[in-house]
Amino acid sequence: MTSLLVIIVVVLLAVALWQLTKIFDLTQVGSSSDDSQVASDNDNNVQGYIMFGFLAFIYIFTIYGLLKWGNLALHTPASEHGILVDSLMNITWVLIFTVQVITQGLLYWFSFKNRGHKDRKALFFADSNKLEAIWSIIPSVVLACLILYGLYAWNNIMFVDKDEDVVEIELYAQQFKWTARYAGQDNVLGKANVRLIEGINTLGVDMSDPNAQDDIVVTELHIPKGKKVHFKMRSQDVLHSAYMPHFRAQMNCVPGMVTEFAFIPTYTTAEYRELPFMVEKVANINKLRAEKSTELVAKGGTALDPYTFDYLLLCNKICGASHYNMQMKVVVDTPEDYKKWLSEKTTLAQDIKAAKAAEKPAEGAAPTTDTTAKVIDTVKAVIDTVKATVAKVAIK
């Protein structure tokens, strides 16, 4: 709201200044002035200095933005390949920033240096092979290096050896929630198809597949530190995107096909919470929440709960009205805690069997409809008896 008010004030000031210039022009009616609409040397000088002022604004605002909001960028990556991703990103933005500073400086300098003058004529030449070579070859070489480095990074990130010991997990996306399926003891995910979705089997797992008998379905994702996790991703309805920012991982979830991504976590949730930058960040967030809670309580509202950091799986595609709320908690455990947590979970086959057993009535118990009918008949008989007795008494 404050930003909106600032923008409105700036716009109104600009309108006011424009109106003042029009009023000033009206006051000059009848005076000797140059109204030829041709820029004079003074006009060109003024425009040149205004350009320098705008250049200074660009540089100052860029530096201010880095100092003001630079700390909001993601900090330490929580996966092995995250260092490579951050390195590629840092190289890219440093190159962009350097090129921007040089090109903007040259652009405004040449505009000022070659501003119009009544005794100067512009020099025209059709082409310059030297300039064409400079501004074509240099960007091509730089971009080629960036692309090659990017391909190297991508291949390293996406490569999963068939014989490598990995944890197989499926991430299932649907409006507007995530569900995870673990491969179980055999470390092989059972087949699945959306046409098989029925009852408690919300992922459409093919229960006739032997590999599906030990699959485990959960709504909170746990992964072990130091071991590669191979994610296979499906979508039930629309295009989603599995985004785990702290692990520098993102992959689209496309209806009708399976996509995949793999990484090795390097910090447990508890370890990441203890990193100095995260401790400072959480403290700052809780300070803001405490101030907001004071306002809410004063207005009769409910105070905000303290913030605790957790890894999150988010959807990075605008997939519908509740897209903002499509997230799942991700917990990185030590290998021992991960095994203990997984061992406490029941398989999907067990859950389906339990659900079917719960649907069957207990043996020896009469159906609910028959019992209700008998009670109703008994009540009717009592009522009829009472009515007959009352009628006899009345006749006598």
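Thresholds, definitions, all that
- Residues numbered from 1 in each chain as written.
- Predicted model: local features only at pLDDT ≥ 70, side-chain atom pairs only at ≥ 80, totals over all residues.
- Heavy atoms only, no water.
- Helix = DSSP H or I, 4+ residues; strand = E, 2+ residues; numbered from the N terminus.
- Buried < 20%, exposed > 50% of the residue type's maximum accessible area, 1.4 Å probe, protein only.
- Contact = heavy atoms within 4.5 Å.
- Areas by Shrake-Rupley, 256 points an atom, 1.4 Å probe, with all protein chains shown as cover.
- Axes fitted to C-alpha atoms, helices over the stretch in contact; angles between N-to-C directions.
- Parallel < 35°, antiparallel > 145°, perpendicular 65-115°, else oblique.
- Left-handed = near helix turned anticlockwise from the far one by under 90°.
- Nonpolar A, V, L, I, M, F, W, Y, C, P; charged D, E, K, R; others polar.
- Pairing = 2+ DSSP bridges.
- Expected span 1.5 Å × (residues − 1).
- Phe/Tyr/Trp six-rings, centres within 6.5 Å; stacked < 30°, edge-to-face > 60°.
- Lys NZ or Arg CZ within 6 Å of the ring centre and 35° of its normal.
- Patch = residues over 30% accessible without salt bridge, like charges linked within 9 Å, V, L, I, M, F, W, Y side chains within 5 Å.
- Salt bridge = Lys/Arg side-chain N within 4 Å of Asp/Glu carboxyl O.

What to know about the overall build of the chain
Then, number 1: Within the chain one finds 9 helices and 10 strands.
Then, number 2: Burial status across the chain gives 25% buried among its 396 residues.
Then, number 3: Restricting to contacts in the chain with at least 6 residues of sequence separation, those with at least 24 account for 71%.
Then, number 4: Carbon and sulfur atoms make up 63% of the accessible area of the chain, which totals about 27300 Å².

Topic: the packing of helix α3 (residues 82-113) against helix α4 (residues 129-158)
Then, number 1: Running from N to C, α3 and α4 point in directions that differ by 165 degrees, and their axes come no closer than 10 Å. Judged by the angle between their axes, α3 and α4 are roughly antiparallel. Crossing angle aside, the handedness with which α3 passes α4 is left-handed. Residues Leu84, Val85, Ser87, Leu88, Ile91, Thr92 and Leu95 of α3 form the contact with α4, whose participating residues are Val142, Leu146, Tyr149, Gly150, Tyr152, Ala153, Asn156 and Ile157.
Then, number 2: Looking at the contact of α3 with α4 residue by residue, the class counts come to 11 nonpolar, 4 polar and no charged.

Considerations on the sheet that holds strand β4 (residues 221-224)
Then, number 1: The sheet built from 5 strands is open, its strands ordered β4-β10-β9-β6-β7 with mixed pairing. The open sheet has two edge strands, β4 and β7 (249-253), and neither has a second partner. Mean inter-strand twist for the sheet, computed between neighbouring axes without regard to direction, equals 25 degrees.
Then, number 2: Pairing geometry for β4 and strand β10 (residues 327-333), over 4 bridges, is parallel. Counterpart to Leu221 in the pairing with β10 is Val330.
Then, number 3: Lying on the sheet, helix α7 (residues 335-343) is in contact with β4 and β10; it crosses β4 at an angle near 140 degrees.

A look at α3
Then, number 1: Under the 1.5 Å per step criterion, the end-to-end length of α3 is 46 Å for 32 residues, consistent within 8% with the ideal 46 Å.
Then, number 2: Taken together, the buried positions of α3 are occupied by Gly82, Leu84, Asp86, Gly105, Tyr108 and Phe112.
Then, number 3: Looking at the buried positions of α3, the neighbouring elements they touch are α2 (41-69) and α4.

Examining the packing of aromatic side chains
Then, number 1: Across all of its chains, the model carries 18 aromatic pairs by this definition.
Then, number 2: Both rings, one in Phe52 and one in Trp109, keep their centres 6.4 Å apart while their planes meet at 45 degrees; by these two values the pair is tilted. Here Phe52, found in helix α2, pairs with Trp109, found in helix α3; they are 57 residues apart in sequence, far enough to count as distant.
Then, number 3: A connected cluster of aromatic rings, assembled from ring pairs, spans Phe231, Phe247, Phe263, Tyr267, Tyr272, Phe277, Phe309 and Tyr311.
Then, number 4: Its guanidinium or amino end placed over the ring of Phe112, Arg115 lies 4.2 Å from that ring's centre, counting from NZ or CZ.

A short note on the pairing of strand β2 (residues 177-182)
Then, number 1: For β2, the buried fraction is high: 5 of the 6 residues fall into the buried class.
Then, number 2: Both strand β1 (residues 167-174) and β2 contribute to a ladder of 6 bridges, which runs antiparallel. By the bridge assignment, Tyr172 is partnered in β2 with Thr179.
Then, number 3: Counted along the chain from β1 to the antiparallel partner β2, the turn is 2 residues long.
Then, number 4: Examined bridge by bridge, β2 and strand β3 (residues 216-218) share 3 bridges and lie antiparallel to one another. The partner of Tyr182 across the bridge, within β3, is Ile216.

Considering a nonpolar patch on the surface
Then, number 1: A surface patch of nonpolar side chains, about 870 Å² in accessible area, is lined by Ile91, Leu95, Leu123, Phe125, Leu131, Ile134, Trp135, Ile138 and Val142.
Then, number 2: At the level of elements, α3 and α4 are the ones that each hand at least two residues to the nonpolar patch.
Then, number 3: Per-element accounting of the nonpolar patch gives the leading share, 5 residues, to α4.
Then, number 4: When you line up the elements, Ile138 lands in helix α4.

Some details on the pattern of salt bridges
Then, number 1: Going through the model one piece at a time under the given rule, you end up with 9 salt bridges.
Then, number 2: Between Lys292 and Glu295 there is a salt bridge, and its shortest N-O distance comes to 3.9 Å. Residue Lys292 and its partner Glu295 are both found in helix α6 (residues 276-298); the two are separated by 3 residues, about one turn of the helix.

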